[in-house]
Amino acid sequence: MTQYPNVPPFIENDEQEYLDSGVPSKVAVAGHPLHPLIVTFPIAFLVGVLGTDFGYLLTNDLFWARASVLLLVAGILTGLLAAITGMIDFLEIDRVRQHNAGWIHMIGNIIALVLSGISLFFRWEQPADFILPIGLILSLIVASALGLTGWFGAELVYRHKIAVIGNGIEQRP
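The structure presented is a predicted model; accordingly, all values stated were derived computationally and were not measured.

Asks: Please explain the overall build of the protein as it appears in this structure.
Replies: Counting secondary structure elements, the protein contains 7 helices and 2 strands. The N-to-C order of helical and strand elements in the protein reads α-β-β-α-α-α-α-α-α. Expressed as a percentage of its 173 residues, the buried residues of the protein come to 44%. Long-range contacts, defined here as pairs at least 24 residues apart, represent 78% of the contacts in the protein between residues at least 6 apart. Accessible surface, the protein as shown: approximately 9300 Å² in total, 73% of it carbon and sulfur.

So, in structure tokens, the structure goes:
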């Protein structure tokens, strides 16, 4: 019996993967995967947009509206870099695509980047005009989506042992 819950389709568990040494990332430096390192930046920037939107809501200070735009730009640019490294692993490691967690992680992050791009587009000229209420709602959706996709990214690493230092097989064992 496995020590982890199995709640398909959201949390899949495989005893063989638990015993497997894991599959290394295809995008790594000295064996260290880059995707988990890079994703911290877009997560911080895009969740920060929610904070700066609330800052504007509470103070009506344009500083917070401009900060939201800068965070969106930084989040989208670093998110695209993280997406490239993640997509390479998604396409090159079969085990990623064989789990629902891989699909939820990828699709959810694409949605978060697209919504962030829409938010940036409407804020670009007049940063404060779009914040209430649509911008705030979008930043809440993006922050929530990133929490969910981060969970599933961790499922890939910790439960399915993908992008770890190991010599396991790229297919599900």
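Asks: Quick question: what am I supposed to make of helix α3 (residues 40-59) here?
Replies: One turn of an α-helix holds 3.6 residues; hence residues three or four places apart share an orientation. Taking 1.5 Å per residue as the helical rise, α3 with its 20 residues ought to reach 28 Å, and the 28 Å between its terminal C-alpha atoms agrees with that figure. By the burial criterion, the buried members of α3 are Pro42, Leu46, Val49, Leu50, Thr52, Asp53, Gly55 and Tyr56. Those residues of α3 that are buried lie in contact with α2 (35-38), α4 (62-92), α6 (100-123) and α7 (131-159).

Asks: Explain the packing of α3 against α4 here, please?
Replies: Think of two packed helices as two axes; the pair is described by the angle between the axes and how far apart they sit. Where α3 meets α4, the closest approach of the two axes is 8 Å, and the angle between their N-to-C directions is 165°. The angle between the axes of α3 and α4 places the two elements in the roughly antiparallel class. The two elements α3 and α4 meet at a crossing, and its hand is left-handed.

Asks: Please clarify how the side chain of Ser25 should be interpreted in this entry.
Replies: One can find Ser25 in the loop between α1 (15-19) and β1 (28-29). One polar contact links the side chain of Ser25 to the main-chain amide nitrogen of Val27, over a distance of 3.0 Å. In terms of polar contacts, Ser25 uses its side chain to reach the side chain of Asp89, at 2.7 Å. Excluding anything up to four places from it in sequence, Ser25 contacts Pro33, Asp89, Ile93, Ala163 and Val164.

Asks: Which parts of the structure should I look at to understand α4?
Replies: With 31 residues, α4 extends 45 Å between its outermost C-alpha atoms, agreeing within 8% with the 45 Å of an ideal straight helix rising 1.5 Å per residue. You can read the cap of α4 off the contacts: a side-chain oxygen lies 3.0 Å from the backbone nitrogen of Phe63, and it is on Asp61.

Asks: Sorry if this is basic, but what is going on with the nonpolar core here?
Replies: Soluble globular proteins tend to pack their nonpolar side chains together in the buried interior. Counting 15 residues, the largest nonpolar core has Leu46, Leu72, Ala112, Leu120, Val142 and Leu146 as the members making the most contacts within it. For this core, the elements supplying multiple residues, two or more each, are α3, α4, α6 and α7. Not counting chain neighbours up to four residues away, the residues in contact with Val142 comprise Leu46, Ala112, Leu115 and Ser116. Membership of the second largest hydrophobic core comes to 10 residues, among which are Phe90, Ile93, Ala101 and Met106.

Asks: When you look at the pattern of salt bridges in this model, what are you seeing that I'm missing?
Replies: Side-chain pairs of opposite charge can arise whenever the charged atoms involved come near each other. Counted according to the given criterion, the structure contains 3 salt bridges. Ionic pairing is found between Asp94 and Arg97, a salt bridge with its closest N-O pair at 2.3 Å. One end of the pair is Asp94 and the other is Arg97, both in helix α5 (residues 94-97) and 3 residues apart, which spans about a single turn. Accessibility expressed as a relative area gives 27% for Arg97, which makes it partly exposed. A salt bridge links Arg159 to Glu155; the shortest N-O distance between them is 2.5 Å.

Rules used throughout
Residue positions within a chain follow its written sequence, with the count starting from 1. At least 70 in pLDDT is required for a residue's local features to be given in this predicted model, at least 80 for side-chain atom pairs to be given and counted, and no such filter applies to totals for whole chains, interfaces and linings, which use all residues. Values shown for side chains rest on all heavy atoms present in the structure; no hydrogens or waters enter the calculation. A run of H or I in DSSP counts as a helix once it spans at least four residues, and a run of E counts as a strand once it spans at least two, with each numbered from the N terminus. Relative accessibility decides the category of a residue: with a 1.4 Å probe and only protein chains considered, values under 20% of the type maximum give buried, values over 50% give exposed, and everything between is partly exposed. Residue contacts are counted whenever heavy atoms from the two residues lie within 4.5 Å of one another. Computed by Shrake-Rupley with a 1.4 Å probe, the accessible areas treat only the displayed protein chains as cover when residues are assessed. Helix span is expected to be 1.5 Å times the residue number reduced by one. All axes are obtained by fitting lines to C-alpha atoms, using only the stretch in contact for helices, and the reported angles, taken between N-to-C directions, cover 0 to 180 degrees. An angle below 35 degrees is treated as roughly parallel, one above 145 as roughly antiparallel, one from 65 to 115 as roughly perpendicular, and anything else as oblique. In this scheme, a crossing is called left-handed if the near helix is turned counterclockwise away from the far one by less than a right angle; it is called right-handed if the turn is clockwise. Here a polar contact is recorded for every N or O atom pair within 3.5 Å, except that within protein the pair must consist of a potential hydrogen donor and a potential acceptor, and residues adjacent in sequence are included only if both atoms are side-chain atoms. To define a nonpolar core, start from buried Ala, Val, Leu, Ile, Met, Phe, Trp, Tyr and Cys residues and group those joined through side-chain atoms within 4.5 Å. Basic side-chain nitrogens of Lys or Arg form a salt bridge, by our definition, when they fall within 4 Å of a carboxyl oxygen of Asp or Glu.

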